[in-house]
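These are the residues of each chain, in order.
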Amino acid sequence: MLSAPASIGIVSPQGAYWSIESSELLQRLQASATGLASAEVEARLAKIGRNSPTSQISSSALSLFGRQFRSPLVLILIFAAVVSAFVGDGQEAAIIGVIVLASCALSFTQEYGASRATQALKQRISRKAAVLRDNAERSVDAEGIVPGDIVRLSAGNLIPADGVLLETCDFNVSEAVLTGETFPAVKAPGRSAPDAPIAQRSNAVFTGTSVRSGTATMLAVNTGSRTEFASIAAALERNIPETEFAKGIRRFGYLMTEIMLAIVIIVFFANLLLQRPLIESLLFSLALAVGLTPELLPAIISVTLAKGARAMAANGVIVRRLDAIENLGSIAPTRPEP
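A brief structural summary.

Rules and cut-offs
- Residues numbered from 1 in each chain as written.
- Predicted model: local features only at pLDDT ≥ 70, side-chain atom pairs only at ≥ 80, totals over all residues.
- Heavy atoms only, no water.
- Helix = DSSP H or I, 4+ residues; strand = E, 2+ residues; numbered from the N terminus.
- Expected span 1.5 Å × (residues − 1).
- Buried < 20%, exposed > 50% of the residue type's maximum accessible area, 1.4 Å probe, protein only.
- Pairing = 2+ DSSP bridges.
- Core = buried A, V, L, I, M, F, W, Y, C linked by side-chain atoms within 4.5 Å.

### Comments concerning helix H4 (residues 72-86)
Alright, step 1. Along its 15 residues, H4 runs 21 Å from first to last C-alpha, staying within 8% of the 21 Å computed at 1.5 Å per residue.
Alright, step 2. Buried within H4 are the following residues: Pro72, Leu73, Val74, Ile76, Leu77, Ala80, Ala81, Val83 and Ser84.
Alright, step 3. Directly after H4, the chain includes Gly88, whose backbone phi takes a positive value near 95 degrees.

### Notes on helix H8 (residues 244-273)
Every α-helical turn comprises 3.6 residues, leaving residues that sit three or four positions apart pointing alike.
Alright, step 1. Relative to the 44 Å expected for 30 residues at 1.5 Å per residue, H8 spans 43 Å between its end C-alpha atoms, a close match to the ideal helical length.
Alright, step 2. Among all positions of H8, only Phe245, Ala246, Ile249, Gly253, Met256, Met260, Val264, Val267, Phe268 and Asn271 are buried.

### Observations regarding the pairing of strand S4 (residues 162-174)
It is a general feature of regular strands that their side chains alternate between the two faces of the sheet.
Alright, step 1. Relative to strand S7 (residues 210-222), S4 is paired through 10 bridges, and the arrangement is antiparallel. Counterpart to Gly163 in the pairing with S7 is Ala220.
Alright, step 2. In terms of strand pairing, S4 meets strand S6 (residues 204-205) through 2 bridges, oriented antiparallel. Opposite Val164, over in S6, you have Ala204 as the bridge partner.
Alright, step 3. Pairing analysis gives 2 bridges linking S4 to strand S5 (residues 185-186), with the strands arranged antiparallel. The residue of S5 that forms the bridge with Val173 is Ala185.

### Remarks on the nonpolar core
Alright, step 1. Tyr17, Trp18, Leu25, Phe206 and Leu219 are the most contacted members of the largest nonpolar core, which has 22 residues in total.
Alright, step 2. When residues of this core are traced back to their parent elements, those giving at least two are helix H1 (22-28), helix H2 (38-48) and S7.
Alright, step 3. Counting 16 residues, the second-largest nonpolar core is a separate cluster that includes Ala129, Ala161, Leu165 and Met218.

Listed below in structure tokens is the structure:
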């Protein structure tokens, strides 16, 4: 049994497991070349967790629906509805409210449906790996691999964990997902320098890369969120950058807000200078603000982008964010220079 979860996946102070002899690694990971016992695997899974990166991005339906109301245009419409209700025009407030809800509901339906479809596709793709367990080779779910497992690899396999090679035969791995190198890297057992970058660790293989040719046996060292692939994903895991289209809509919303405030203030003080009643001047200015609000613009944008998303879906492409439709349409085809 393991003394602590930290003892798995961190086999040296620097974590440079690729610079350690495989025999010593096996000893440190309390493993053997014939594989782990099933009971030991269950114990390690309980301490370390499953072999899958943990996502920190919330994709709940509630948060997704709330995100639809962050647009400045939508906020302007909500303000206009509140003002209409305040001045006693309940019918106008109801119409604006229906338009806002319809527009946001349309965007939410499209994005939520795309997220569900993406999750369904992920669940249908079940990665398997050939692992030695109880002195026998078994096909197991890749998420069930733990540090210390002995994994058999062959051409076409996706490598399920970070580890070192114990045996190879004409083994070549595509590491483009990590290094950007299009040509496959030749791998063989041995040792690499402790400070070697990923591309120069010739005795190590990494999660997310794929076997181009040959066969090999690897010792899994890091799994889940401790892999190189997961560390890169964690660095990139942030709020999705705002698209140019979304920036344009936001800037337009700010411009409309500034124009409305300027006109309302000017009209309000002009009425006061003309010695109009204070309450009447205020109500007139607020009604003018409601009249200047482009009620149908968010709905038109949502309908147009949703139509583009449906057209993409008909061609087998799932669009998770409606804003991406406009960016895709802005991509000009490159033409060869004469």
